[in-house]
Amino acid sequence: MEALIQAVGLTKNFGDIVAVDGIDFVVAEGESFGFLGPNGAGKTSTMKMIGATSPISGGSLSVLGLDPTEDGPTLRSRLGVVPQENNLDEELSVHDNLMMYGRYFDMSRAEIRDRIDELLEFVQLTEKRDAKIQALSGGMKRRVVIARGLIHDPDLFILDEPTTGLDPQARHVLWDRLYRLKQQGVTLIITTHYMDEAEQLCDRLVVMDKGRIVAEGSPSSLIDEYAPGEVVELRFPVGVLETLSGQIEDLAPRTELLADRALIYTQDAESTISAVTSNGLEPETVLARRSTLEDVFLRLTGRSLVE
Amino acid sequence: MATPLSLRVFEAEARVYRRTWRGSVVSSFLNPILYMFAMGVGLGTIVDANLPGGIDGVSYLTFLAPGILVATALNTGASEGAWKVMGGIVWAKTWHARLATPIGIEGLLVGHLFWSTFRVFMVSVIFAGVIAAFRVAPLFESLLAVGPAVLVGSAMVAATTAFTVRLKEMSGLPMFFRFVVLPMFLFSGAFFPISQLPNWLQPVALATPVYHGVELARAIVVGTSPAVAWWVSVLYLVGWIIGFGVLCVKPLRRKLTP
């Protein structure tokens, strides 16, 4: 497979602040690639460099075989972008927003009209064609932005936190649509600080923290490598957890004490739970679950993703 | 890419304008009518009673009309350069969306200047029509005076945009209107000859774009001969448009594509 994006030592500085600190990654055609990390990890800066709306400060970057610094306009004409903020024209209709955007790509009106019908059907907003943006729900606006990003049939689709701030139902609708795109073979680049989103949508991802890539792999391989097995979560009344740290750490080779609960990493949740009771611990609640990317991130950085 | 992308920006602005054009056109008519009544019937009668020879040999209203035409273009230009830009980069962020397309900073800026100048043109043409309807000046001369008005409006779009893109907080804009735009409106020869100003203030008035536009418009409508050669005034106004236009590029690039 051909590499659509290749970054070597990619760096972004804002004055003295290093936002992206020399990262390397390759994205192949047809792949769905994720950048996972907390706010401030450098994900958006990386997206903007890929999208040729922010010049790179160091290293090298090639997108669709083009140099974002030299070939900005040509590159942007082949990229679809869903920015973190919707930046639609709230006072115009869905149709007018899409028409206006298509015109920026020098498409003919007739061509755009056909495309709008197609895309509104795809994002399930056909009946909202003439509604003003300000009358739409957050999830609908997000779907309009997705339709807008696809108006010119881009070769690469970049989404910066596509579902942040949406309710669970709206998120699932979006995931479903993005999953269909992925099945159609569209190359997706997604940033997110939601584990479930990354697990749902990404074939492969990099975990970013403080401008660096701290791990890379498929969601399942990252879990197998950094947080295998199962997790037992124990909740204790306020103030009790600190006094029990010694006892909890004895339960398994790896444990994490968070502000409100303790996580115990184990191969066998059942025996761990019985060990909890036989050791005389009396947690308020006990929850056994599979490990997730959240646990991977915690393991890698010592911090949780959404603070 | 057959069409210059700045035309796409112009087209987008026209699409946005289509939503509010009725209200905008109505106020473009009302504004000059209110001025003609207040200044002509109200203030003008008093001035004319005290100056039997008129100002520059014409009634106060005829003296005033080309001045207000140009001063209104100044206000229109300043508004377009302020609120539209704030909306594009801070409020609705629609300018950010445009930059994710092939349109670059220059195309965005030229399209904005072009559209805003067109808005000034629309407002000025309506104003000239009202002046002619009030029989303050013949239609042909009134329409010719739209030329200098558009130059002044365009100069002000560029200058205000250059100011707005440098703002850290939007609270700077009301100050700009109070201490830059309003004094230009009042003291640049639109309402009275700048020879009425104290000597030290006259060079300041002379440096404003409004003064040059008013002199040109008055020469066309009233037939006065301006103190500054007409081509110097025209060059000066074009200089403002280009100069301030260029000054927009760097801060805009810093703001939108950091």
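Check the entry above for the structure.
My aim in this report is to walk through the structure given alongside it, one point at a time. Here the structure is a predicted model, which means the values were calculated and not measured. (Residues numbered from 1 in each chain as written. Chains lettered and ligands numbered in written order. Predicted model: local features only at pLDDT ≥ 70, side-chain atom pairs only at ≥ 80, totals over all residues.)

### Overview of the interface of chain A and chain B
Phase 1 of the analysis: The interface is formed by 22 residues belonging to chain A together with 23 residues belonging to chain B.
Phase 2 of the analysis: Looking at the side of chain A that touches chain B, the elements that each hand over two or more residues are α2 (72-76) and α3 (94-104) of chain A.
Phase 3 of the analysis: Take the side of chain A that touches chain B: its biggest share by element is 4 residues, from α3 of chain A.
Phase 4 of the analysis: Along the lines of polarity and charge, the residues of the side of chain A that touches chain B split into 8 nonpolar, 6 polar and 8 charged. (Contact = placed C-beta atoms within 7 Å. Helix = DSSP H or I, 4+ residues; strand = E, 2+ residues; numbered from the N terminus. Nonpolar A, V, L, I, M, F, W, Y, C, P; charged D, E, K, R; others polar.)

### Structural notes on unusual backbone geometry
Phase 1 of the analysis: Look at Asp 106 of chain A: it is not a glycine, yet its phi comes out positive at around 65°.
Phase 2 of the analysis: A positive phi angle is found at Lys 93 of chain B, which is not glycine, with a value near 60°.

### Structural notes on the sheet that holds strand β8 (residues 204-209) of chain A
All names here are of chain A.
Phase 1 of the analysis: Strand order in the open sheet made by the 6 strands is β5-β6-β7-β3-β8-β9, with mixed pairing throughout. Edge strands, defined here as strands with exactly one partner in the open sheet, are β5 (79-82) and β9 (212-217). On average, adjacent strands in this sheet sit at an angle of 15° to one another, irrespective of strand direction.
Phase 2 of the analysis: Here β8 pairs with β9 via 5 bridges, running antiparallel. Note on β9: the bridge partner recorded for Leu 205 is Gly 217.
Phase 3 of the analysis: Across the sheet, helix α5 (residues 138-150) is in contact with β5 and β6 (156-160); its angle to β5 comes to roughly 165°.
Phase 4 of the analysis: Along the sheet face, helix α11 (residues 293-301) touches β3 (32-36), β8 and β9 and points at about 40° away from the line of β8. (Pairing = 2+ DSSP bridges. Axes fitted to C-alpha atoms, helices over the stretch in contact; angles between N-to-C directions.)

### Structural notes on the pairing of strand β1 (residues 3-14) of chain A
Residue and element names in this part refer to chain A.
Phase 1 of the analysis: Across 9 bridges, the pairing between β1 and strand β2 (residues 17-28) is antiparallel. Looking across to β2, one finds that Thr 11 is bridged to Asp 21.
Phase 2 of the analysis: The hairpin formed by β1 and β2 contains 2 residues between the paired strands, and Gly 15 there has a positive phi angle of roughly 60°.

Function-wise, these values are silent; they only describe arrangement.
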